[in-house]
Number of protein chains: 4
Amino acid sequence: MTELGIAMVGHAFMGAAHSQAWRVAPRFFDLPLRPVMSVLCGRDADRTQAAADRLGWAEASTDWKSVLDRDDVHVVDICTPGDTHAEIAIAALDAGKHVLCEKPMANSVAEAEAMSEAASRAAERGVRAMVGFTYRRVPALGLARDLVAKGRLGRIHHVRAQYLQDWIVDPESPLSWRLDKEKAGSGALGDIGAHIVDATQFILGDPISEVMGTLVTFVPERPLASKHSGLSGTAATGQTGPVTVDDAALFLARFGSGALGSFEATRFANGRKNALRIEINGSKGSIAFDFEDMNVLQFFDGTEDPSVAGFRRIMVTEPSHPYVGAWWPAGHGLGYEHAFTHQAVDFVQAVASGVDPAPTFADGLLVQRVLAAVEDSASSRTWQQV
Amino acid sequence: MTELGIAMVGHAFMGAAHSQAWRVAPRFFDLPLRPVMSVLCGRDADRTQAAADRLGWAEASTDWKSVLDRDDVHVVDICTPGDTHAEIAIAALDAGKHVLCEKPMANSVAEAEAMSEAASRAAERGVRAMVGFTYRRVPALGLARDLVAKGRLGRIHHVRAQYLQDWIVDPESPLSWRLDKEKAGSGALGDIGAHIVDATQFILGDPISEVMGTLVTFVPERPLASKHSGLSGTAATGQTGPVTVDDAALFLARFGSGALGSFEATRFANGRKNALRIEINGSKGSIAFDFEDMNVLQFFDGTEDPSVAGFRRIMVTEPSHPYVGAWWPAGHGLGYEHAFTHQAVDFVQAVASGVDPAPTFADGLLVQRVLAAVEDSASSRTWQQV
Amino acid sequence: MTELGIAMVGHAFMGAAHSQAWRVAPRFFDLPLRPVMSVLCGRDADRTQAAADRLGWAEASTDWKSVLDRDDVHVVDICTPGDTHAEIAIAALDAGKHVLCEKPMANSVAEAEAMSEAASRAAERGVRAMVGFTYRRVPALGLARDLVAKGRLGRIHHVRAQYLQDWIVDPESPLSWRLDKEKAGSGALGDIGAHIVDATQFILGDPISEVMGTLVTFVPERPLASKHSGLSGTAATGQTGPVTVDDAALFLARFGSGALGSFEATRFANGRKNALRIEINGSKGSIAFDFEDMNVLQFFDGTEDPSVAGFRRIMVTEPSHPYVGAWWPAGHGLGYEHAFTHQAVDFVQAVASGVDPAPTFADGLLVQRVLAAVEDSASSRTWQQV
Amino acid sequence: MTELGIAMVGHAFMGAAHSQAWRVAPRFFDLPLRPVMSVLCGRDADRTQAAADRLGWAEASTDWKSVLDRDDVHVVDICTPGDTHAEIAIAALDAGKHVLCEKPMANSVAEAEAMSEAASRAAERGVRAMVGFTYRRVPALGLARDLVAKGRLGRIHHVRAQYLQDWIVDPESPLSWRLDKEKAGSGALGDIGAHIVDATQFILGDPISEVMGTLVTFVPERPLASKHSGLSGTAATGQTGPVTVDDAALFLARFGSGALGSFEATRFANGRKNALRIEINGSKGSIAFDFEDMNVLQFFDGTEDPSVAGFRRIMVTEPSHPYVGAWWPAGHGLGYEHAFTHQAVDFVQAVASGVDPAPTFADGLLVQRVLAAVEDSASSRTWQQV
C-alpha cells in the first residue's frame, strides 16, 4: 500500500491526540494509504526527541521548514499554538504538502483569509487542507447532523450551545500560553467557543449571520509559572502577570435560516469539566448533547403520539452510527481521542480520493469571522454582521 | 349530589394522606357522590380531636365500632397498623360499610383470607372493598400497564423491582411499631415489598407463581423510644429492644407467564429515600421507573430503527396520561399524595357504579400469599409455590 | 382563630392553583389566621358560579369592585390576565385589602410603578401586597438561595437560566389571550421570562443591572379560536389573526455584582414541557435546577477533594429543607401546586406578623423594569441599563 | 529497554481489544519493559495472516504450541473461546511463559483448579499468570474500590449487580459459539455474570460465600448460521439448532462479611446494550455505577448534613483517579478499550517487578466456583455454599 508520510509540528496535548490517531486509524479502518509517522518537529531538541520516542515518531526535528523539502513527507500536521498556524500552514501548502491544522485555525481573520487562499491555490494542484474541529467526528454529533439533514427536526427555531470548563476558576491557577493573547489569539472564545460555532454550523448546515456578544475576564492577574511551565520568561514565584484574553464569552446569534442561537464558552463553570452541550429545537423535534456523556444523543420526536413521546437517550454505539461499526459491539463506548482517529481516517480518504476534506480552511475562515464579529460586538455593544 | 359519609380510623402518616385525598378529589375530578369527612377515629381522645381539627374531619371518636351504626357513615377508611386491619375491615363490611383498607392488607394469610371472604359476602350486598396499593395510581405506572396491555413490550422476560429506603440505616434510630412483628406483621417485606409485588402484578396483569427469598435483620437491637414516640411501654433512655422484623427482603420470582423477577425491599439503602424502581424487559420493548423521579416513565421501543432507538424519558404529564388531565398543563408535575387522590376518585366511582374497585381484597390476598411464600422460602431455603 | 376572608378574581389555571393553596395550607401548616374562601369573582355569572362550586368558594360574584366594600373580605387574590392587574390591585390596596397578585405584575413599567406606589401607601396602613412569583417557594430553589447566602458558591460568575416550553410549536395551535399584547403585555418574555428573572435575582440576592436581548415571533399568524375558547370575537373556523407578542425572548445580562447571565424564554422548545432551568457557577461551587425534576437540586462543592467531587443530586425532600417538614417523609416528592400552598402560607404569616411578604410589589417592579429593558434592547439592538 | 515478546492466540473481538492495548500502552504509560507484538496464532492460515496484518502483529502462526519454544516470546495472551483456555494456559505456564488469559478463565471448576495449580507452580519460577477481568481497570470501579477500602461506605449491607445486554433478544438471532455449552461453558452466567462476580468481589475485597440462583433459556432453538459465521457444521439456511446455555442468570448471594447481594446477568434486557451496573449500600455511604456511562461514579456520603447530601456524579477523569493521569485533561472521557490498556500496563509492571498480577488465577478460580455454585443451586433449587 502506498505510504503517506506525516510530519507533525508540536507535541503537547494535541500532539499526543494526533499521534494516537495516526497510530490507531489503520488498525480499525480500511485506509487507501498507509500513514507513516515520519518526523516530529518541536523547538527544543531534547524535549522533541523525548516526545518522538514516547509518541512513536521515527525522527525528531527542530526545524519544521526542513521537512517541507522531504519527498517522504506528504502531510504536515500542525498542533502548535495558534500564532504559528498561518505561517506553517501556508508554507506547507505552497510546498505541496497536505495540511491538517488544529483549531482555532488562526489568530485573526486576516491570517485565516491568507490560509484559505493558500488552501484554494493548493487545491488546484491536488493538495488538501483541513482544520481540526474534531467534535464533528464524535458519532453522536454526526448522528445529530444526519437527523437535521433528514428533516427529523423540521424548521430549526433554537440552538443552545455551551462549552463549559472550570480549569482556571481558581484565581491562583498560573498564567499559561492559553491566557496570552499573542499566542492564543483569544481565550475561551477561540479555544472552546470556536468548537461550538463550528459544531452547530456543521449540524445545521447553516451559517451564523449575525451576533451580539460580550467577553469578560474575571481574574485579570495571575501568578507567573516558572520557566518550564510553558510561558517564556524568567519569572520567579510570587510575581504575577496579566491575563490578556477572555475568561468567558457569551453571545446571541442568528443563523441564516432564522434560527436563534445562544452561545456560551467559559473556563469558570465550576464542576463542568468538558461540558460541550448542544440543544437544538425544531418544529418537528429536538436533539440534545453533552460531551460529558459523549456516547449519547438525546432525541425528541415531536411527531409521535404525545402519550409516548419523550427525549430518547440514544446510545450512539450501534453499527449503523457514524464511524462506530469499525470499533466494538453496541454499548461499548468510545472516548475522547476516537474523534481524532475518525478525523485522520477522513483526512486520509479525502487525500486518496482527491477531494477536499471537511472542515476546509474556508469553513475555518467562516468560524474565524464569527469569532471576530463577537469580539467586535463586545467592543461596540451592538449586533454585528458576520 | 348524594353524600358519601366517611369515617377514617387512624391519623398518622396515612391518615394525613387519605384526608388530603378526600378533601381534594372533588375539586379536580367530577365525582358522582360527594365525599363528606364525617368522623375520625383514634385511640386517644385529645390527640384524635387535634388531628380531626388539623385534618378537617367534622367529628372525632375513640370508638371505631360505634361509627358502624351510623347511617351517615357509608365508608370506613382504615389507616391503622396492620394488626388491626382484619378486625376493623370485617366488622365494617359486615355492617354494610364500604371499606378502603391501607396496605399491607393484613399481617397473615389467614387474616387476609378472612377479609377476602368478608369482601365477597359484602359484594353480594353491593358493599365494596378496596386495598390501598396507591402506587397503581401514579400516572407513570398506569401508563406502564397500558403499554404492556397494548403489547408494546411483547413477551415479558424480566422484571426488576426494588423499593429502596434508608430511614433506619443509622443503628441508633429507635424502635417503632414498624419494627415490631406483632404490630407490623413484617418489616421491609410487608411495608414496601408489598408495594412492588402489587405494582408489578398490576403492570403485567400476571401473578407471581413461585419465589425464592431471604430476609435479613442487620441491626437486631435498637434504642427504645420514649413513651409518646409510638411504642407502648415505659422505656427510659438507654434501654434497647429487639427488632422482630426484617430490615431487608430479597427474592427471585417467576410469574405465571414465565417472566423472571428479581425483587428487593430494604430500609438500608443509604441515600435512597423512596426509590421504588421497576424495570421490565420484553421481547419488543422495555420500561423503567423510579419513584424518586415519579413523573417520568422510561420507555424503550425495540421495534424502532436501532439508529434512533433509545430509552425515552416520557414526562407523564400529558392530558392523555392516566388521571393527568384533571390537574395542570403538561410539564407541571404531580407529587406523592396525588396518587391517594386518584385512589379516592376511583373508589367513589366504583361505589357509585356498583362495581368492585381494584385492587380488591382478593388482590390483597394474592399479595399476602406472595409475602408468606417469601417468608416460607427464607426459612426453608428453597423455592416456594405461591 | 381569627378568620382571613379571601376574594379571588379569576378562575382559570391560576385560579385553580390558588384555590388549592387556600384549601390545603391550613391542613399542613400552622397558620396564625384561618383563610376563608369567601367569594370568587369573574365576568360571566354562570361560569363563575360553576367555578366557585367546583373550586370551593362560598359565593360567586361578577363585580369584583363590590367585594372591596365587604368587611368579611380581607384579601384580594388576583388571578386575571395582566391587563387588569393594576386597576384591581390599586383599588383593593386603597380599599385596605391585602393583595396577592399573579405575575407578571403588570403589562408596563408605568402600571407597575403605580402599583408599587399603592403598595407603599398601603403598607403605611398595615396593608400588605405580594406578587406571585411562586417558583421562589419551590423547596429546591429555596435551598439554592440558602446555599448562595451561606457563601457555598463563593463569588458568582455565571447564571444560566432558561424557561423552555413547547405548547405553541405547532403553527396550527390557535390564538389565545396569551398571544395578544393587549391582554398579556408580552409573550414568552413576561409569561415565563419573568419567572427566571425573579428566581435568579431571588437566589442571588442581586439585581440585574443591564441587558442585551432579542425577541422573535416565529409564527406571526394563527387560527382564530371559536368564541368560547378565550379570545373575544366571533371568529369562524378558517380565519386567522396576528400574534402580537414574542414567541421567544433571549437576553444576556449583567448582575450588580458582575455576574454574567444568559436568559432564554421560549414556547418553541419542542419536547420541553415546563423546563425552568437555572445553573449558577461560582468560585466555590455551582448549583443546577430543572423544574422537570422539581424535587432535586444539583450542587457541586468545588472545595472538595477533586477525587470525590461531583454534582450531587440532592433530593430536596428532607425535613430540614424549606417547607418540606410540613409534608411527607423524605423521598416523597412534592408537585407543581405545592409552591402555591407555600406562597399562601407565607402570605398569611406576613399579614399576621405585620411585615411585607416577599416578593413585594417593589420586587415585581424590578422584574418589570428588566423586561422593559429587554424590550428596549431588542428594539435598539444595544445594551440597556435596567 | 528490554523487550517483552508477546504471542496472542485468537483474533476476534478480544483479540482486537488486546492488540490495541499492547500497541497503545507504551505510548501513554512508562513501562519497564517494551511489549513487542511478535506473533498472532489462529486456526485458519489466511484469516490469521489477515488479522495479523490488520492488528499489527509481526508474524502469524497456526500452531500455538510452536510459539512456546521461542525465546523471543515471553508472554502468551489467550483470547480464544473458554474451552481452550486450560490447555493453552497450562502448557504456556509450564513452558515458562507468562500468561494473560481472557475470562471466564475456564469452562469448569476442574479446569480452573488445574490452571490455578499450574500458575502456582509457575510463580515459584517467576512466571506470572493473570485473568482478564478488565472491568477492574475501569477508573470508576478502581475509585469504587478505593472508597470502600478507605471506609467511606462503612459496613456493607447491599450489593446490587446487573449485567444487562440485549443482543439475542430477537429469537431469529442465529446460534453462535457463545450459545454452545461445549465452547462457552455457560451463557450469560459465564460471559457477563462472571464480570459482576469478579468486580463486586474486587470492590468489596470480600468473597461470596453462598448463592441461590436460577438459570433460564428463553429461546431454546435458534437458526443455524452458515459455515463461516462461527459454528462449525454445514448448516443450510432454514435449519435450527439448540441453545445449550442460559440466556439469563439470576442469583442472590451472601458475602463473607454478611453483605447481601442480588445478581442478574442477561442477554434479554431490551434496550440495555452493555449495562454493567453495580450499586453498593453501606452504613456510611453508597456508590452506583453503570458502564453505559462509564466515566462516572455515583457516590453518596451518608455522613454529610442531610440538607446537602445527595448522590454525586463524579466524573472519573481527574488526574488523581486511577490510571487517568496518563491520558487527557479532566472531562475528556475514556472508552471501552482503555481498560484493556490499563490491564496490559499492570501486567507488564507485575512481570517486571516479579509480583503476581491481579486478578490471579486463584481469583479466577474463586469466580469459577461462584459460577458453579450458581449452576448447582439452579439444579437443586436450594442455597449452595461456594
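Residues numbered from 1 in each chain as written. Chains lettered and ligands numbered in written order. Predicted model: local features only at pLDDT ≥ 70, side-chain atom pairs only at ≥ 80, totals over all residues. Heavy atoms only, no water.

- Going by an unreviewed UniProt entry, chain A carries the name Oxidoreductase and comes from Lentzea pudingi.

## Thoughts on the sheet that holds strand β5 (residues 98–102) of chain D
Residues and elements named next belong to chain D.
Next up, step 1: Here we have six strands laid out as an open sheet, ordered β3-β2-β1-β4-β5-β6, and parallel in their pairing. A strand with exactly one partner marks an edge of an open sheet, and here the two such strands are β3 (59–61) and β6 (129–132). Between one strand axis and the next, the sheet turns through 25° on average, direction left out of account.
Next up, step 2: Bridge analysis of strand β4 (residues 75–78) against β5 gives four bridges, and the strand direction is parallel. (Pairing = 2+ DSSP bridges. Helix = DSSP H or I, 4+ residues; strand = E, 2+ residues; numbered from the N terminus. Axes fitted to C-alpha atoms, helices over the stretch in contact; angles between N-to-C directions.)

## Details of the relation of the copies chain B and chain D
Next up, step 1: For the pair chain B and chain D, the relating rotation is 180°, the translation along its axis is 0.0 Å, and the fit reaches an RMSD of 0.0 Å. Each copy turns onto its partner about a two-fold axis. In terms of proximity to the rotation axis, the leading residue of chain B is Thr382(B), whose C-alpha is 2.4 Å off the axis.
Next up, step 2: Comparing interface residues between copies, 100% of those in chain B also lie at the interface in chain D; the contact surface is shared. (Least-squares fit on C-alpha atoms with pLDDT ≥ 70 in both. Contact = heavy atoms within 4.5 Å.)

## With respect to the nonpolar core
Next up, step 1: Phe361(A) and Phe361(D) are the most contacted members of the largest nonpolar core, which has 229 residues in total.
Next up, step 2: Here Phe361(D) is in contact with Ala89(D), Leu93(D), Val99(D), Cys101(D), Met105(D), Met115(D), Ser116(D), Ala119(D), Ala129(D), Met130(D) and Val131(D), once residues within four sequence places are set aside.
Next up, step 3: Counting residues in each nonpolar core, the second largest holds 228 residues, with Phe255(B), Ala17(C), Ile314(C) and Phe340(C) among its members. (Core = buried A, V, L, I, M, F, W, Y, C linked by side-chain atoms within 4.5 Å. Buried < 20%, exposed > 50% of the residue type's maximum accessible area, 1.4 Å probe, protein only.)

## Section: the interface of chain B and chain D
Next up, step 1: On the side of chain D, 46 residues touch chain B, which itself brings 46 residues to the contact.
Next up, step 2: Together chain B and chain D conceal approximately 3600 Å² of surface at their shared face, both sides included; 53% is due to carbon and sulfur atoms.
Next up, step 3: A per-residue breakdown of the area chain B buries against chain D is headed by Phe218(B), Asn270(B) and Arg381(B), which together make up 18% of the total.
Next up, step 4: Viewed at the interface, chain D and chain B are joined by eight salt bridges.
Next up, step 5: Of the charged contacts, one joins Arg160(B) and Glu264(D) as a salt bridge, the two residues approaching to 2.8 Å between their closest N and O atoms.
Next up, step 6: For the interface between chain B and chain D, the tally reads 23 residue pairs in polar contact (both at pLDDT 80 or more). (Buried area = accessible area lost by both parts, 1.4 Å probe. Salt bridge = Lys/Arg side-chain N within 4 Å of Asp/Glu carboxyl O. Polar contact = N/O pair within 3.5 Å; in protein donor to acceptor, adjacent residues only side chain to side chain.)

## Observations concerning the relation of the copies chain C and chain A
Next up, step 1: Superposing chain C onto chain A takes a rotation of 180° plus a shift of 0.0 Å along the axis, which leaves an RMSD of 0.0 Å.
Next up, step 2: Interface residue correspondence from chain C to chain A reaches 100%, placing this contact among same-surface, isologous pairings.

## Some thoughts on the interface of chain C and chain A
Next up, step 1: Each partner contributes residues to the interface: chain C has 46 residues there, and chain A has 46 residues.
Next up, step 2: Between chain C and chain A, the buried area comes to about 3600 Å², and carbon and sulfur atoms account for 53% of it.
Next up, step 3: Ranking the residues of chain C by area buried against chain A places Phe218(C), Asn270(C) and Arg381(C) at the top, with a combined share of 18%.
Next up, step 4: The tally of links between chain C and chain A comes to eight salt bridges.
Next up, step 5: Across the pair Arg381(C) and Glu210(A) runs a salt bridge, and its minimum N-O distance is 2.7 Å.
Next up, step 6: The interface formed by chain C and chain A contains 23 residue pairs in polar contact (both at pLDDT 80 or more).
Next up, step 7: Only β7 (156–164), β8 (208–216), β11 (248–255), β12 (260–266), β13 (275–282) and β14 (285–290) of chain C provide two or more residues apiece to the side of chain C that touches chain A.
Next up, step 8: Tallied by class, the residues present in the side of chain C that touches chain A amount to 16 nonpolar, 19 polar and 11 charged. (Nonpolar A, V, L, I, M, F, W, Y, C, P; charged D, E, K, R; others polar.)

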